[in-house]
Each structure stands twice: as structure tokens, then as C-alpha cells.
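Overview (structure and organization)
Listed below are the residues making up each chain.
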Amino acid sequence: MTASPDHLVKARAADSERRRTRVLKALDQLAASGEEISVSAVARAADVHRSLIHRHSDLHAAVLTRAAEPPPGATAGTQVSRQSLLADVANLMARNSRLSAHISRLERRVSEDLGQAAWEASGLGAPADIETLTRRVTELEQQILDLRAELAERDEDLTAARAANRELMAQVNR
């Protein structure tokens, strides 16, 4: 036994009307309880798919209108609007970005300082007191110059002593 096309159309229309009624009832319940109103929340409460609400522009408009309304019992001075919450989120995200950049800069500085400390501790890096070492190098260079002058003087004395020795040996041999 097959159903007539007219009967199927009526059944489909009745099902669609039942789902629309569930959506509107769920929207009223969410608004009355003060819960979040969004397409997803209404679809979840009505046990329908979100696409049903999006396909029916009147249902979608009703959800958006109710979402923009203040919750029942809220006074104008204490209500937080969706726009203010979005502005707060945007400000917090910007602050988070700034803090992340600051943390990255601090981590880089700590890394550089630790690297420099390790370099110096290994003995490969520049010593902490370069001025003292520079002064010591200058003293040692002056000492080297003095020793070279003394060596040259002694070389001259040795050369003279050898010459005198040769003359004496030549006199003794004669």
C-alpha cells in the first residue's frame, strides 16, 4: 500500500510545523531562563539541526532579535551588552598579544645573559676585569723590552770578552 502524494505533502508540512513550534518554544524558554540565546543553543534546546533555523529567515530573525534583547529582570545600569563583551574580548586579546611579545623579549634577554655567563665561565669569553689585564700586558711588554736591551748589552760584553780572549790566546801562542 502506497501513500498518496497529497498525504506525504501534508505529513511533511505537519512535521515542519512541529519543528518550528519546538524552536519557538525553546526560544521562549531560553529567554525566560536568562540563558545564552544563539542559533546553536536554540537548536540544541529544540532538538533540531541549526540548518533549520538558518533556512527559515523568520526563525533566524527571531533568534537574533531575542539574543539582542536584555534578559528579563535586568536593569539598564547592570546589564552587560554583547558588544561590550566583544570589546572586552578584543581588548584582552590585544593585551595577551602585547604580553606574549614582552615575554618573548624577556626570554631572549635571559637567554643572552645566560649565554654570556656560560661563555665567561668557560674561560673562552672576555674576562670580567679587562682593564687590569691590559695593565698587566703593558707591564710585561715593558719587561720584555728591558730584558731585550739587557740581553743586547750582555751580547756586546760577550763579544768584547771573546775578542779579548782571542787576543790573549794569540799572544800566548806567539
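Keep in mind the model is a prediction, meaning the values are calculated, not measured.

Parameters at a glance
Residues numbered from 1 in each chain as written. Predicted model: local features only at pLDDT ≥ 70, side-chain atom pairs only at ≥ 80, totals over all residues. Heavy atoms only, no water. Helix = DSSP H or I, 4+ residues; strand = E, 2+ residues; numbered from the N terminus. Rg over C-alpha atoms; globule rule 2.2 N^0.38 Å. Buried < 20%, exposed > 50% of the residue type's maximum accessible area, 1.4 Å probe, protein only. Contact = heavy atoms within 4.5 Å. Areas by Shrake-Rupley, 256 points an atom, 1.4 Å probe, with all protein chains shown as cover. Lys, Arg positive; Asp, Glu negative; His and termini not counted. Charge placed at Lys NZ, Arg CZ, Asp CG, Glu CD. Axes fitted to C-alpha atoms, helices over the stretch in contact; angles between N-to-C directions. Parallel < 35°, antiparallel > 145°, perpendicular 65-115°, else oblique. Nonpolar A, V, L, I, M, F, W, Y, C, P; charged D, E, K, R; others polar. Salt bridge = Lys/Arg side-chain N within 4 Å of Asp/Glu carboxyl O. pLDDT = per-residue confidence, 0-100. Core = buried A, V, L, I, M, F, W, Y, C linked by side-chain atoms within 4.5 Å. Patch = residues over 30% accessible without salt bridge, like charges linked within 9 Å, V, L, I, M, F, W, Y side chains within 5 Å.

Description of the overall build of the chain
Regarding its fold elements, the chain presents six helices and zero strands. When the helices and strands of the chain are read in sequence order from the N terminus, they spell out α-α-α-α-α-α. Its C-alpha atoms give the chain a radius of gyration of 48 Å, more than 25% over the compact-globule value 16 Å for 174 residues. For the chain, the spread of C-alpha atoms along the three principal axes comes to 155 × 55 × 20 Å. Looking at the 174 residues of the chain, the share that counts as buried comes to 11%. Here the contacts in the chain between residues at least 6 apart in sequence split such that 43% fall between residues at least 24 apart. In the form shown here, the chain has an accessible surface area of approximately 14200 Å², with 57% of it arising from carbon and sulfur atoms. One finds the centroid of the 24 positive side-chain charges in the chain at a distance of 15 Å from the centroid of its 25 negative side-chain charges.

Structural notes on the packing of helix H1 (residues 5-33) against helix H4 (residues 57-68)
At a minimum axis separation of 11 Å, H1 and H4 run at an interaxial angle of 0°. One finds that H1 runs roughly parallel with respect to H4. For the pair formed by H1 and H4, the contact residues are Arg-20, Val-23, Leu-24, Leu-27, Asp-28 and Ala-31 on the first element and Asp-58, Leu-59, Ala-62, Val-63 and Arg-66 on the second. Tallied by class, the residues present in the contact of H1 with H4 amount to seven nonpolar, no polar and four charged.

Quick word on the pattern of salt bridges
Inspection of every chain in the model, using the stated rule, returns nine salt bridges. The partner of Glu-139 in a salt bridge is Arg-136, with the nearest N and O atoms 3.6 Å apart. With Glu-139 and Arg-136 both in helix H6 (residues 130-173) and three residues apart, the pair spans about one turn of that helix. Taken together, the salt bridges that share partners define one network made up of Arg-12, Asp-15, Arg-18 and Arg-19.

Section: the confidence of the model for the chain
Within the chain, residue pLDDT values average 88, and 90% of them lie at 70 or more. At the low end of the mean pLDDT range in the chain sits H4, at 88; at the high end sits H6, at 93.

So, unusual backbone geometry
Positive phi, close to 60°, is recorded for Asp-47, a residue that is not glycine. Checked against the element boundaries, Asp-47 lands in the loop between helix H2 (39-46) and helix H3 (50-55).

Things to note about the nonpolar core
One finds Val-23, Ile-37, Val-42, Val-48, Ile-53 and Val-63 to be the most contacted residues of the largest nonpolar core, which totals 16 residues. Among the secondary structure elements, those contributing two or more residues to this core are H1, H2, H3 and H4. Aside from chain neighbours lying at most four places away, what touches Val-48 is Arg-19, Arg-22, Val-23 and Ala-43.

A look at a negative patch on the surface
Taken together, the side chains of Glu-153, Asp-155, Glu-156 and Asp-157 make up a negatively charged region of the molecular surface. With respect to the helices and strands, Glu-153 occurs in helix H6.

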